[in-house]
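Structural description and commentary
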Amino acid sequence: MTHAPRAALEIDRVGKVFNVAGRRVEALRDISFSVRTGEFVAIVGASGCGKSTLLRLILGLDTEYEGEVRLDGRLIERPGLDRGVVFQDHRLLPWLTAEGNVAAALRRSGLPKAEQRRLVAQHLELVGLAKFAGAWPAQLSGGMSQPVAIARALVNRPRFLLLDEPLGALDALTRLRLQDELARIVRHEGTTALLVTHDVDEAVFLADRIIVLQPDPGRIARIVEVDLDGQRDRSAPAFLRLRDEILDTLGVRHPPPAIATATATAA
Amino acid sequence: MSALGSSPARPLLMGVLVPVLAIGIWQTIASAHLVAPYVLPPPVAVLARFRSELDGGTFWSDVLASLTRALAGFAIGAPAGIAFGLLLGLSRLAGRLVGPIFLAYRQVALFAWVPLLSMWFGGGEAGKVAFIAMAAFAPATVNSWRAAGAVPAPYRELSRALTLGRLDHLRLIALPSALPGILTGLRTALIYAWLATVGAELFLDIAPGLGGRLNEGRDKFEVDLMIVALTVLATLGLGFSQLAAAAERRSIRWRKR
């Protein structure tokens, strides 16, 4: 990158209220932060803190909210190919092969067929699943489906990769492996990434900056810079210190307190 | 598919048990002369009648006539029903405009249409096929309508995130997601068409066909002929539904096998 990093995505005093069975439920209150081009930002928080809601606003799936979400200075009005998304459920279409699923994302790209085919092959290669191009989603394990979904999200070369708890449904071992993969892939593509997760280790491992949300209503508790000198060793003291710090902010003490005192801590 | 219903030997044996038992009781009743043979002929007599029908008579052409009628009605009614159902499910406007009328139509028993249809199309072949087509139309419509209207929200969201156009949404998301429902509709339509075929043959003009043989059995007081016709109807119906279910399984190749 030759130009100075600038805010590509701005979340400006965003609030969101849902109407649940006639009751007002405030999901987000006064959220403000920005993401610079090329940055990897993670949003962590307990379930119900509105982090997925925030991602839907950035995606443009929901435009009814307070405040402004701007992309390169322009208000987001609808979904666009400049934002690729990976959902928690891989959401591959079961009636399309791995290849077909990735190709589906290129329908609106306007690229010639040959170029589309090349991009699909290239991105399946990138996530290490070139051999499974012709496989149906039902034949793929969770650890293989999610990389296909990542390839689908990246195939348009979006400016933003939005990740909505992408590894949340996977077993622990697969999750660790895919965290490494994700780090490699995002570095390779140079995309700006926004990861929503409740896994603090995952956030510390992947992100340059971590936005910590607290629930009821969802608001920013802190913003933490991850400054580990590019060293992402999951058992390094600096890594663990940062993780514990964030867990503290989230109200989870480390090491965990005895079960008897857990209720007192939660209150 | 899973082990359910596909493990061969035992369920088959159990399924055959009751019919065999029933035939045994039937034979006992007949042998003991508890009922006059012209009211309930013994199984052996029915079997003999079946053989003589196969050898001599018009039986094969009757079966063929009924099958042809059923398939003709199905071929008209089912595709029309699928098209109509998809329209209702995919277009909110069409669903609101036409949906209530269709639901009202469903409240009228199928046989209530016989007088009107026979006035419009006559009691001959055209009237019969029209009746069968109508019978196939309804389940094809209902199932396609429901399936097309129930594209899962996550897929609709994905479609928006990928900014798919209307045609791509139909081709890549809405239609494939409705396919299992459409196929269920086709299978049900096939069964309904077969049921309606006998109805048409019984209530409209006499013509070659299994329904006609049933009428003949009643007029000539030949219970053996009626039992033969009923058994063949049931067997062919069962065959239809098995065939349709197999075709349904095979055509969705992306399902986990």
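Conventions adopted
Residues numbered from 1 in each chain as written. Chains lettered and ligands numbered in written order. Predicted model: local features only at pLDDT ≥ 70, side-chain atom pairs only at ≥ 80, totals over all residues. Heavy atoms only, no water. Helix = DSSP H or I, 4+ residues; strand = E, 2+ residues; numbered from the N terminus. Rg over C-alpha atoms; globule rule 2.2 N^0.38 Å. Buried < 20%, exposed > 50% of the residue type's maximum accessible area, 1.4 Å probe, protein only. Pairing = 2+ DSSP bridges. Axes fitted to C-alpha atoms, helices over the stretch in contact; angles between N-to-C directions. Parallel < 35°, antiparallel > 145°, perpendicular 65-115°, else oblique. Left-handed = near helix turned anticlockwise from the far one by under 90°. Contact = heavy atoms within 4.5 Å. Nonpolar A, V, L, I, M, F, W, Y, C, P; charged D, E, K, R; others polar. Salt bridge = Lys/Arg side-chain N within 4 Å of Asp/Glu carboxyl O. pLDDT = per-residue confidence, 0-100. Phe/Tyr/Trp six-rings, centres within 6.5 Å; stacked < 30°, edge-to-face > 60°.

**Some points on the overall build of chain B**
Counting its secondary structure elements, chain B contains 10 helices and 0 strands. Listing each helix as α and each strand as β along chain B from the N terminus yields α-α-α-α-α-α-α-α-α-α. A compact globule built from 257 residues should have a C-alpha radius of gyration of about 18 Å, whereas chain B, at 23 Å, is more than 25% larger. By principal-axis analysis of the C-alpha atoms, chain B measures approximately 75 × 50 × 30 Å. Counting every position in chain B, which comprises 257 residues, the buried fraction comes to 42%.

**Focus: the pairing of strand β9 (residues 209-214) of chain A**
Residues and elements named next belong to chain A. Within β9, 5 of the 6 residues are buried, which leaves it mostly tucked inside the rest of the structure. In this structure, strand β3 (residues 40-44) lies alongside β9, joined through 4 bridges in parallel fashion. Bridge pairing in β9 links V41 to R209. Examined bridge by bridge, β9 and strand β10 (residues 219-225) share 6 bridges and lie antiparallel to one another. Of the residues in β10, the one forming a bridge with V212 is R222. If you look at the hairpin formed by β9 and β10, you'll find 4 residues sitting between the two strands, and D216 has a positive phi there, around 55°.

**Some words on the environment of P79(B)**
All names here are of chain B. Mapped onto the fold, P79 is located in helix α3 (residues 59-90). P79 sits in the partly exposed class, given a relative accessible area of 43%. Here the alpha-carbon distance between P79 and A140, two residues 61 residues apart in the chain, equals 7.6 Å.

**Brief notes about the packing of helix α8 (residues 166-203) of chain B against helix α10 (residues 223-251) of chain B**
All names here are of chain B. The interhelical angle for the contact between α8 and α10, taken along N-to-C directions, is 165°, at an axis separation of 10 Å. Taken together, the axes of α8 and α10 are roughly antiparallel relative to one another. α10 is crossed by α8, and the crossing has right-handed handedness. Counting all contacts with α8, which are made through P180, L183, T184, R187, L190, I191, W194 and V198, the residues of α10 involved are L233, L236, G237, F240, S241, A244, A245, E248 and S251. Considered class by class, the residues forming the contact of α8 with α10 number 11 nonpolar, 4 polar and 2 charged.

**So, the pattern of salt bridges**
Any two side chains of opposite charge can pair if their charged atoms end up close together. A full pass over the atoms with the stated rule returns 36 salt bridges over all chains. Close ionic contact of R83(A) with D82(A) constitutes a salt bridge, the shortest N to O distance being 3.0 Å. Residue classification places D82(A) among the partly exposed positions, given a relative accessible area of 30%. Linking E115(A) and R118(A) is a salt bridge whose minimum nitrogen-to-oxygen distance equals 3.1 Å. Here the residue E115(A) and the residue R118(A) both occupy positions in helix α3 (residues 113-126), the gap between them amounting to 3 residues, near one helical turn. Ionic contacts of the salt-bridge type, sharing partners, join the residues R49(B), E53(B), D62(B), R213(B), E216(B), K220(B), E222(B) and D224(B) into one network.

**Observations regarding the confidence of the model for chain B**
All names here are of chain B. For chain B, mean pLDDT is 89; residues scoring 70 or higher make up 96% of the total. Segment residues 1-5 is flagged for pLDDT under 50; beyond a separation of four residues in sequence, or across chains, it makes 1 contact in the model. For this predicted complex, the interface confidence reaches an ipTM of 0.87, while the overall pTM sits at 0.81.

**Quick look at the sheet that holds β10(A)**
Residue and element names in this part refer to chain A. Spatially, the 6 strands line up as an open sheet ordered β6-β7-β8-β3-β9-β10, and their pairing is mixed. Two strands close off the open sheet at either side, each with one partner strand: β6 (83-86) and β10. In this sheet, adjacent strand axes meet at a mean angle of 15° when their direction is disregarded. Contacts from helix α4 (residues 142-154) reach β6 and β7 (160-164), with the element oriented near 170° to β6.

**Details of the packing of aromatic side chains**
The geometry of an aromatic ring pair is captured by two quantities: the separation of the ring centres and the angle between the planes. Going through the model one piece at a time under the given rule, you end up with 12 aromatic pairs over all chains. Geometrically, the ring pair formed by W95(A) and Y155(B) is edge-to-face, given 5.5 Å between the ring centres and 75° between the ring planes. Taken together, the positions of W95(A) in the loop between β6 and α2 (98-104) and Y155(B) in helix α7 (residues 153-161) put the pair across two chains. The burial state of W95(A) is the same as that of Y155(B); both residues are buried. Grouped by ring-pair contacts, the aromatic residues F84(B), F102(B), Y105(B), W113(B), F137(B) and W145(B) constitute a single cluster.

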